[in-house]
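Residues per chain, in single letters:
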Amino acid sequence: MTLSSSRPASLQEVMEHHIQFTENGIAIFDPDDFFIFHNRAFVNIFGLDPAAMAGWGLDDWLTWMYVHRGGVNIEWDSLEAWLGYVHGVSRSKPFRRFETDLIDGRWLLVSEQSYPSGHLVLHCADITLQKKTEKDLKEAIAKIEHIAQTDELTNLPNRRHILGRFHEELLRAARYKHDFCFGILDIDHFKRVNDTYGHPVGDQVLRHFSAFLRDRLRSQDIVGRLGGEEFAVLFPETKVDDAMLVLSRINEALHQECLAQIAPDFSYSFSAGVVSTQADLMQDCTLLMAKADKALYQAKNGGRNQVLRYRDDA
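Residues numbered from 1 in each chain as written. Predicted model: local features only at pLDDT ≥ 70, side-chain atom pairs only at ≥ 80, totals over all residues. Heavy atoms only, no water.

Novice: Describe the overall build of the chain, with residues and values.
Specialist: Along its length, the chain carries ten helices and ten strands. Considering only C-alpha atoms, the chain reaches an extent of 95 × 45 × 40 Å along its principal axes. Of all 314 residues assigned to the chain, the portion counted as buried reaches 41%. For the chain, contacts bridging at least 24 residues in sequence account for 54% of all contacts bridging at least 6. Looking at the chain as shown, the accessible area adds up to about 17800 Å², and 53% of this sits on carbon and sulfur atoms. Taken together, the 34 basic and 45 acidic charged side chains of the chain have centroids lying 6 Å from each other. (Helix = DSSP H or I, 4+ residues; strand = E, 2+ residues; numbered from the N terminus. Buried < 20%, exposed > 50% of the residue type's maximum accessible area, 1.4 Å probe, protein only. Contact = heavy atoms within 4.5 Å. Areas by Shrake-Rupley, 256 points an atom, 1.4 Å probe, with all protein chains shown as cover. Lys, Arg positive; Asp, Glu negative; His and termini not counted. Charge placed at Lys NZ, Arg CZ, Asp CG, Glu CD.)

Novice: Before we move on, could you go through helix α8 (residues 199–216) and cite the residues and values that matter?
Specialist: Taking 1.5 Å as the rise per residue, α8 with 18 residues should run 26 Å; its terminal C-alpha atoms sit 26 Å apart, in good agreement. Among the residues making up α8, those that are buried are Val 201, Gly 202, Val 205, Leu 206, His 208, Phe 209, Ser 210, Phe 212 and Leu 213. Looking at the packing, one finds that the buried side of α8 touches β6 (180–187), α7 (190–197), β7 (222–227), β8 (230–236), α9 (240–256) and β9 (270–277). (Expected span 1.5 Å × (residues − 1).)

Novice: Explain the pattern of salt bridges to me, and be specific about the residues and the numbers.
Specialist: Scanning the model with the defined rule gives 18 salt bridges in all. Salt bridges sharing partners connect three or more residues here, namely Arg 165, Glu 168, Glu 169, Arg 172 and Glu 237. (Salt bridge = Lys/Arg side-chain N within 4 Å of Asp/Glu carboxyl O.)

Novice: Describe the nonpolar core, naming the residues involved and giving the relevant values.
Specialist: Counting 33 residues, the largest nonpolar core has Leu 185, Val 205 and Phe 209 as its most contacted members. Elements represented by at least two residues in this core include exactly β6, α7, α8, β8, α9 and β9. By residue number, the principal contributor to this core is α9, which donates seven residues. Core analysis: the next-biggest nonpolar cluster, separate from the first, contains 28 residues, Phe 29, Tyr 66, Leu 122 and Cys 124 among them. (Core = buried A, V, L, I, M, F, W, Y, C linked by side-chain atoms within 4.5 Å.)

Novice: Account for the layout of surface pockets, naming residues and giving values.
Specialist: In this structure, the largest pocket occupies an estimated 390 Å³ of space. What lines the largest pocket is a set of 23 residues, among which Trp 82, Tyr 85, Val 86, Arg 96 and Phe 98 lie closest to the centre. Contributing elements (two or more residues each) for the lining of the largest pocket: α3 (58–68), α4 (79–89), β3 (95–101), β4 (107–114) and β5 (120–126). (1 Å grid on protein atoms, 1.4 Å probe; cavity = no way out; pocket = protein on both sides within 12 Å on 5 of 7 lines; lining within 4 Å. Points joined across faces, edges and corners; volume = space filled by probe spheres on them.)

Novice: Describe the pairing of β5, naming the residues involved and giving the relevant values.
Specialist: Bridging between strand β1 (residues 25–29) and β5 involves five bridges; their strand directions are antiparallel. Bridging across to β5, Ile 28 finds its partner in Val 121. Here β4 runs beside β5; their pairing, made up of seven bridges, is antiparallel. When the sheet's bridge partners are listed, Val 110 is paired in β5 with Cys 124. (Pairing = 2+ DSSP bridges.)

Keep in mind these numbers describe shape, not what the thing actually does.
Here it is in structure tokens:
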């Protein structure tokens, strides 16, 4: 049917024209799940041949998509499993709506309406642009969150993020009665590095130290930059002797590191203060940081280039 612009069209003619020529795919099944109508958009969306669809039912359509790998992106291992799934959800409610992706990357919003007569109407709308917008938005939010939580120079968690993790890990240690250790690390004589070699080299040292720590800490340890040349390491479920051993090994490895790429005959060291809290004596983050900072101060005053634990009697 073609509507003429020279005379008013009846409501029925307008509806028929819309159903047939809308960009949304529409199909109607009888109570036995055989096609009794499909518009051209439905055929185009799924890449079907209208002439070959004569006498088709729902299972014929589903089987064609599975065999030809056309239309819906089917992830089921067998045709029987695929048919069983669709039979289980189709007509399960008078009205249901779901999203599905197609082999060619497009996305559809499918509405399924069941009527008391037993007829079933499918309405398929292309939402590819909407899905792309959602994906772009999620990626943008993730990027913003990463920027907000990451130190730009070293790509380590920044002060805000590492202190947030500190609080979380301390609460988890208290809940599950685990040991927990916290360390503050400081690059020795860093001001001298900047004054002697310039700030670009100082930045290079910070990046090197960040990567050096990340590569040599255990998988469960969490490292971040507090600011300047100061770093923090969280040691979940770790006794103080083990945390000391980890940092001492890193300190020793740094002594053996060739740093000619930074400057000829260049080397640097770090000092660290470590504090632990036992499962039966939990303390808050502020107090633990103060204790770790005190141990770091003692390491600095004691000649630097060493790892010291906090002691109440020190």
